Amino acid sequence: MTRTFLATLEFDGTRFVGWQRQREGRTVQQELEKVLERLAGGEIRAHAAGRTDAGVHALGMGVSFALPARWTPDSLQRALNALLPSDCFVAEVREARPEFHARTCAAEREYEYRIGTDAGARSPFREPFEWDLALPLDLELLEHSSRRLIGEHDFLAVSVRSSFRPHTRCRVRLARWEARSDHAGVRLRIAADRFLHHMVRMLVGTMVEVALGRRPETDMDALLAQDPAVRTSPPAPAQGLYFVMARYPEEWFLLPEVAA
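Just so you know, these numbers come straight off a predicted model, no measurement behind them.

**Q** Could you give me a rundown of the packing of helix α3 (residues 139-147) against helix α4 (residues 199-211), with the residues and numbers involved?
**A** With their axes 8 Å apart at the nearest point, α3 and α4 run at an angle of 140° to one another. Taken as axis vectors, α3 and α4 run oblique relative to one another. Handedness of the α3/α4 crossing: right-handed. Contact residues: Leu 141, Leu 142, Ser 145 and Ser 146 in α3; Met 207, Val 208, Val 210 and Ala 211 in α4. The residue inventory of the contact of α3 with α4, partitioned by class, reads six nonpolar, two polar and no charged.

Pasting the structure below:
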């Protein structure tokens, strides 16, 4: 008999080639499944709310898996944090219904992108965790660009064309640039029902070019309209991107007294 769990995972993506298992390179999925298999005494497959690329970080990646029924959320969290490598941390574990799946059951996902605009962005203590642009950006122009993203649009123009997906429409609820509290740069918060491969990084790269005066504001509208004459700017560097959270309807989870 097994129980299904959702673990909220934080990780520093600097030394990973991404979430998903690959033939070569260290992945988050590989490290987590190695620990889960040690706890379960058999093969375990973990499913994440999103797939991050090399260098991308997570503040709250939802990961689901099933383990033997002897495990409880509290004991599992302690065991995972005792065995996972130092660049991974489980912030929370909840028990979910047997049919729960971290990717397919997510109602919304949220990302954050951080840019350093001061000279200190080149510091080795900051560069792995933000885009070390070290140039001032027009926050008002960034905001004008991000507001255009709100609502449901076809984001084909800002995705990797070779990746498989059933369609390229996404519903964006939140897209807002703001000054960082450390006064060292800006950050984008963006939340949607789904994201395409490289979508956030391509949007950030294009919006930054607008804010630097290197391309017109109207290019954002043209990209959403799939104007063949308009292309995205190069994607922003991976190290500035963070998977913040996945949101799930509360009915997927068992109350502690029910789970006992």
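Right, picking up where we left off after that structure.
**Q** Before we move on, can you summarise the pattern of salt bridges with the specific residues and values?
**A** Across all of its chains, the model carries 32 salt bridges by this definition. Between Arg 45 and Glu 43 there is a salt bridge, with the nearest N and O atoms lying 3.5 Å from each other. The class for Arg 45 is partly exposed, based on a relative accessible area of 40%. The salt bridge partner of Arg 214 is Glu 209, with a shortest N-O separation of 3.2 Å. Given the relative accessible area of 55%, Arg 214 is considered exposed. Residues joined in a network through salt bridges with shared partners are Arg 15, Arg 26, Glu 31, Lys 34 and Asp 87.

**Q** Can you lay out unusual backbone geometry for me, pointing to particular residues and giving the numbers?
**A** Glycine aside, the phi torsion of most residues is negative, and most peptide linkages are trans. At Ala 134, a residue that is not glycine, the phi angle is positive and equals roughly 55°. With respect to the helices, strands and loops of the structure, Ala 134 is situated in the loop between β6 (131-132) and α3. Not every positive phi belongs to a glycine, and His 183 is a case in point at roughly 60°. The topology assignment puts His 183 in the loop between β8 (169-179) and β9 (185-192).

Scoring rules and cut-offs
- Residues numbered from 1 in each chain as written.
- Predicted model: local features only at pLDDT ≥ 70, side-chain atom pairs only at ≥ 80, totals over all residues.
- Heavy atoms only, no water.
- Axes fitted to C-alpha atoms, helices over the stretch in contact; angles between N-to-C directions.
- Helix = DSSP H or I, 4+ residues; strand = E, 2+ residues; numbered from the N terminus.
- Parallel < 35°, antiparallel > 145°, perpendicular 65-115°, else oblique.
- Left-handed = near helix turned anticlockwise from the far one by under 90°.
- Contact = heavy atoms within 4.5 Å.
- Nonpolar A, V, L, I, M, F, W, Y, C, P; charged D, E, K, R; others polar.
- Salt bridge = Lys/Arg side-chain N within 4 Å of Asp/Glu carboxyl O.
- Buried < 20%, exposed > 50% of the residue type's maximum accessible area, 1.4 Å probe, protein only.

Function cannot be read off these values alone, since they describe shape.
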